[in-house]
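Examination of the molecular architecture
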Amino acid sequence: MQKKICIVGGSGEMGQMTQNVFAKYLPSYELTIFDECDWQNPAEKLANQDMVIISVPIYLTDEIVRKVVPHLSQGTILADYTSIKQEPLQSMLDSYTGAVVGLHPIFGPTVVNPDNQVIVVCDGRDTDKYQWFVDDLAKIGFVIENMTASEHDELMTFVQGIEHFSVYCMGLFLKEKNIDIQRIMKLASPVYKMELNIVGRLFSQGPGLYADIIMSDEKRKKMISEFARLVSEKADSVKGNDKQEFIQNFKDVKSWMGDFAEKAYKDSDKLLLR
């Protein structure tokens, strides 16, 4: 299906990834890249598009939405890639009267193949008008997860906020103690090597991206503070050599996880044996 799609911020990492994937798997799409220099004559690229996707840092999203909207043609679908969804989706709904959808690709800019890569879709307005786009994403292999913006943000507080903050702190601690990572890797088990690689992976990327993700909203920052408080409390328990509390907590979490713990053990073994 011939469709015209403009990516605002298309020269960024996620924008470039979209260009590459769409060019290979959805060649019928006519892509237009809108960058900073295009604000001199925004209508030239924003008008007469079937869809305009906002792909800019979180802190710029609301501003860019408001700048883009006056130049959209009737019938254009407005979407965003932001990793939080409630505020950007509400911004689009408040600023624009046409079809709106919130998107969050749950993967990084290095992805070259859509197979089994998850994209969250948060309905905004006039679902029927952008269903063709969601269907096309599913056809080429993306896994579509439909959820509300509030559900998405609550889940992502843990998936991104707590997880990224934990990895960030591990990197800081390794630096503070001046740990020789190359030497420790020689002694590390396969599982620990995987964990260290996750730390290295985070710090190989842009700091601004992770600052935006970790500090994206007040709920996330509050949850991180609660997590830090729990870590501090449990560190005091370890310092006090309270093995019984540790063992009981361990048992409680294992029971709460149910079948997931055993499945995670088996699944991680499969990854390590590849």
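Presented here is a report on the structure given in the accompanying data block. Since the structure is predicted, the reported quantities are computational estimates derived from the model, not experimental observations. (Residues numbered from 1 in each chain as written. Predicted model: local features only at pLDDT ≥ 70, side-chain atom pairs only at ≥ 80, totals over all residues. Heavy atoms only, no water.)

Let's talk about the state of the cysteines
One pass over the full model with this rule turns up 0 disulfides. The thiol sulfur of C37 is not disulfide-bonded, and the nearest other cysteine sulfur, from C6, lies at 12 Å. With relative accessibility at 55%, the residue C37 sits in the exposed group. (Disulfide = S-S within 2.5 Å. Buried < 20%, exposed > 50% of the residue type's maximum accessible area, 1.4 Å probe, protein only.)

Observations concerning the pairing of strand 2 (residues 29–34)
Bridging between strand 1 (residues 3–8) and strand 2 involves 6 bridges; their strand directions are parallel. When the bridges of strand 2 are listed, I5 appears paired with L31. (Pairing = 2+ DSSP bridges. Helix = DSSP H or I, 4+ residues; strand = E, 2+ residues; numbered from the N terminus.)

A look at the pairing of strand 3 (residues 51–54)
Regular strands place side chains that alternate from one sheet face to the opposite one. Side-chain alternation along strand 3 places M51 and I53 on one buried face and V52 and I54 on a second face that is also buried. Of the pairings in the sheet, the one linking strand 1 to strand 3 comprises 4 bridges and is parallel in character. In the strand pairing of strand 3, C6 is matched with V52. Read from strand 3 through helix 3 (residues 61–68) to strand 4 (residues 77–80), the crossover connection turns out right-handed. (Right-handed = clockwise from strand over helix to strand, strands pointing away.)

So, the environment of K193
Tracing the backbone shows K193 in helix 8 (residues 190–203). On the accessibility criterion, K193 (33% relative accessible area) is partly exposed. Not counting residues within four places of it along the chain, the set of residues in contact with K193 comprises M185 and A188. (Contact = heavy atoms within 4.5 Å.)

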